[in-house]
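Here is how the chains run, residue by residue.
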Amino acid sequence: MIVVMKSLATPGEINAVVNQIETLGFQVHLSHGTERTIIGVVGDDRPLQNHNFEMLNGVEKVVRILQPFKLASRDFHPENTIVEVRGVQIGGPKLTIIAGPCAVESRSQILETAHAVKEAGADILRAGAYKPRTSPYTFQGIGEEGLELLAEAREATGLPIITEVMSPEAVPLVGQYTDIYQVGARNMQNFTLLQAVGKTRLPVFVKRGLSSTAQELLMAAEYVLSGGNHGVMVCERGIRTFETATRNTLDINAIPLLKQWTHLPVFADPSHGTGKWDLVAPIAKGCIAAGADGLIIEVHPRPEQALSDGAQSLKPERFVELMSDLRRLAAAVGRVL
Ligand code: PEP
Ligand code: MN
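Residues numbered from 1 in each chain as written. Chains lettered and ligands numbered in written order. Predicted model: local features only at pLDDT ≥ 70, side-chain atom pairs only at ≥ 80, totals over all residues. Heavy atoms only, no water.

On to the pairing of strand S14 (residues 294-298), then. Burial analysis of S14 places five of its five residues in the buried class, the great majority of the element. Here S14 shows a buried face lined by Gly294, Ile296 and Glu298 and a second buried face lined by Leu295 and Ile297. As paired strands, strand S7 (residues 96-100) and S14 are joined by five bridges and run parallel to one another. When the sheet's bridge partners are listed, Thr96 is paired in S14 with Gly294. Here strand S13 (residues 266-268) runs beside S14; their pairing, made up of two bridges, is parallel. Counterpart to Phe267 in the pairing with S14 is Gly294. (Buried < 20%, exposed > 50% of the residue type's maximum accessible area, 1.4 Å probe, protein only. Helix = DSSP H or I, 4+ residues; strand = E, 2+ residues; numbered from the N terminus. Pairing = 2+ DSSP bridges.)

Okay, helix H1 (residues 11-23) next. If you check H1, its first and last C-alpha atoms are 18 Å apart, about what 13 residues at 1.5 Å a residue would give, namely 18 Å. Among the residues of H1, those classed as buried are Ile14, Val17, Val18 and Ile21. Each buried residue of H1 lies within a common arc of 95 degrees when the element is viewed along its axis, so the set occupies one face. As for H1, its buried residues are in contact with strand S1 (2-5), strand S2 (27-32), strand S3 (37-42) and strand S4 (59-63). (Expected span 1.5 Å × (residues − 1). Arc of directions from axis to C-beta. Contact = heavy atoms within 4.5 Å.)

Spatially, the four strands line up as an open sheet ordered S2-S3-S1-S4, and their pairing is antiparallel. Either end of the sheet is taken by a strand with one partner, and the two such strands are S2 and S4. Within this sheet the neighbouring strands show an average axis-to-axis angle of 20 degrees, counted without direction. Pairing of S1 with S4, which is carried by four bridges, proceeds in the antiparallel orientation. Bridge assignment links Val3 to a residue of S4, and that residue is Val62. (Axes fitted to C-alpha atoms, helices over the stretch in contact; angles between N-to-C directions.)

A few words now on the pattern of salt bridges. A complete count under the given rule lists 16 salt bridges for this structure. Where Glu60 meets Arg36, a salt bridge forms, and the shortest distance between an N and an O atom there is 2.8 Å. In this pair, Glu60 sits in strand S4 while Arg36 sits in the loop between S2 and S3, placing the two residues 24 residues apart along the sequence. Residue Arg208 pairs with Glu236 through a salt bridge whose shortest N-O separation is 2.7 Å. Of this pair, Arg208 sits in the loop between strand S11 (204-207) and helix H6 (214-226) while Glu236 is found in strand S12 (residues 232-236), placing the two residues 28 residues apart along the sequence. Neither residue differs from the other here; Arg208 and Glu236 are each classed as buried. (Salt bridge = Lys/Arg side-chain N within 4 Å of Asp/Glu carboxyl O.)

What follows is about the domain arrangement of the protein. Entries for the protein in the domain assignment read domain 1 (2-63) and domain 2 (83-332). The distance between the C-alpha centroids of domain 1 and domain 2 comes to 36 Å. (Domains from an automatic or database assignment.)

Turning next to the site of ligand 1. All residues adjacent to ligand 1 are Cys102, Arg126, Lys131, Glu164, Gln182, Gly184, Ala185, Arg186, Lys207, Arg237, His272 and Glu298. A distance of 2.9 Å separates an oxygen atom of ligand 1 from a polar side-chain atom of Lys131. His272 is positioned with one of its side-chain polar atoms (N or O) 3.3 Å from an oxygen atom of ligand 1. For ligand 1, whose free accessible area comes to 290 Å², the fraction covered by protein is 97%. Split into classes, the residues belonging to the shell around ligand 1 amount to two nonpolar, three polar and seven charged. (Near = heavy atom within 4 Å. Polar contact = N/O pair within 3.5 Å; in protein donor to acceptor, adjacent residues only side chain to side chain. Areas by Shrake-Rupley, 256 points an atom, 1.4 Å probe, with all protein chains shown as cover. Nonpolar A, V, L, I, M, F, W, Y, C, P; charged D, E, K, R; others polar.)

A few words now on the packing of H6 against helix H7 (residues 254-261). Between H6 and H7, whose axes approach to 10 Å, the crossing angle comes to 45 degrees. One way to sum up the angle between H6 and H7 is to call them oblique. Here H6 runs over H7; the crossing is right-handed. Between H6 and H7, the residues in contact are Ala214, Gln215, Leu217 and Leu218 and Leu257, Leu258 and Trp261, respectively. Grouping the constituent residues of the contact of H6 with H7 by class yields six nonpolar, one polar and no charged. (Parallel < 35°, antiparallel > 145°, perpendicular 65-115°, else oblique. Left-handed = near helix turned anticlockwise from the far one by under 90°.)

The subject of this paragraph is the sheet that holds strand S8 (residues 124-126). Ordered in space as S7-S8-S9-S10-S11-S12-S13-S14, the eight strands form a closed barrel in which the pairing is parallel. Strand after strand, the sheet turns through a mean of 25 degrees between neighbouring axes, direction not considered. Two elements, S8 and strand S9 (residues 161-164), share two bridges in a ladder whose sense is parallel. Bridge pairing links Leu125 to Ile161 in S9. Across the sheet, helix H3 (residues 144-157) is in contact with S8 and S9; its angle to S9 comes to roughly 165 degrees. Sitting on the sheet, H7 touches S12 and S13, and the angle it makes with S13 is about 170 degrees.

Turning next to unusual backbone geometry. Here the phi dihedral of Arg86 falls at roughly 45 degrees; this positive angle occurs in a residue that is not glycine. Inspection of the secondary structure puts Arg86 in the loop between strand S5 (83-85) and strand S6 (88-90). Judged by relative accessible area, which is 57%, Arg86 ranks as exposed. The phi torsion at Asp309 lies on the positive side, around 55 degrees, for a residue other than glycine. With respect to the helices, strands and loops of the structure, Asp309 is situated in the loop between S14 and helix H10 (316-332).

Pasting the structure below:
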């Protein structure tokens with residue numbers, strides 16, 4: 001349930017509503033918009049249904065939120081949330097491009113890629129130090145050394161960094177290095193991990209699970225938000241379907257749907273969404289046309305030698321080309337890049 005206050009409601013009237021809700025044993029989440037204040041009731045508020053909050057001074061209306069996500073919902077927070085990371089504004093008019101290799105492999109590989117994507121105009125550097133691999137026999141990432149190398153690449157380029165955290169125990173260590181926690185598709189419903197990153201104040205990038213619905217993705221975001229961490233972004237990265245010609249099926253429907261449902265920045269990952277480097281650019285453009293706030297794209301200087309996901313990684317020169325196409329496309333859809 002949310003209580004929408006009148007635009008001229010006084011601080012005293014707002015406090016009276018908040019006190020009334022808190023007295024009934026519920027927590028509130030206040031959203032001070034440019035137009036009006038919205039008071040959200042956190043948690044299962046069914047016991048409040050018979051209370052006439054409409055009668056209180058300054059209240060314009062009470063809206064029952066039918067969707068199970070609340071803090072993530074646009075009813076709760078009508079304006080787009082802008083997540084700020086080291087001066088990069090994510091979710092505003094400017095598109096945010098995150099690029100880099102699937103994994104940190106070596107010092108020279110990450111530095112070379114970081115410089116290349118920076119030069120091409122990327123905003124944030126990506127790379128995994130810990131990789132959630134389907135097989136225990138394949139490359140698992142280089143661990144903490146990878147985090148150190150990512151921090152060095154940030155120093156060298158000025159690009160903020162994002163990297164995956166796979167367990168609640170790893171949250172403090174990864175948080176010593178990264179600017180954004182990535183929660184991977186395989187961990188989207190690792191609720192203890194979501195709670196652990198929800199207790200931090202670093203932004204969190206949640207990727208849609210392989211077989212999860214768009215609603216479940218927002219429920220994962222809700223876990224993080226309900227811990228008090230409001231810097232959450234969500235990412236469509238392709239789902240399992242009967243189609244086997246591509247690695248996953250990027251659910252382009254999810255992009256405008258998520259934009260309708262949530263105020264959080266919505267990203268797309270055309271690399272994991274397709275699994276094929278030559279499909280990355282067309283799908284990247286499709287996602288921006290569909291309203292995505294940004295993209296996360298795998299770039300590797302020598303994809304044929306990559307230790308993971310080489311087949312879907314763009315060479316730097318192809319990434320440069322894609323960025324120039326995206327700049328023109330951004331203008332056509334009322335965004336900037
Ligand atoms: C990745 O971004 O490298 C990754 C492992 O993605 P996902 O969790 O979407 O598979
Ligand atoms: Mn990858």
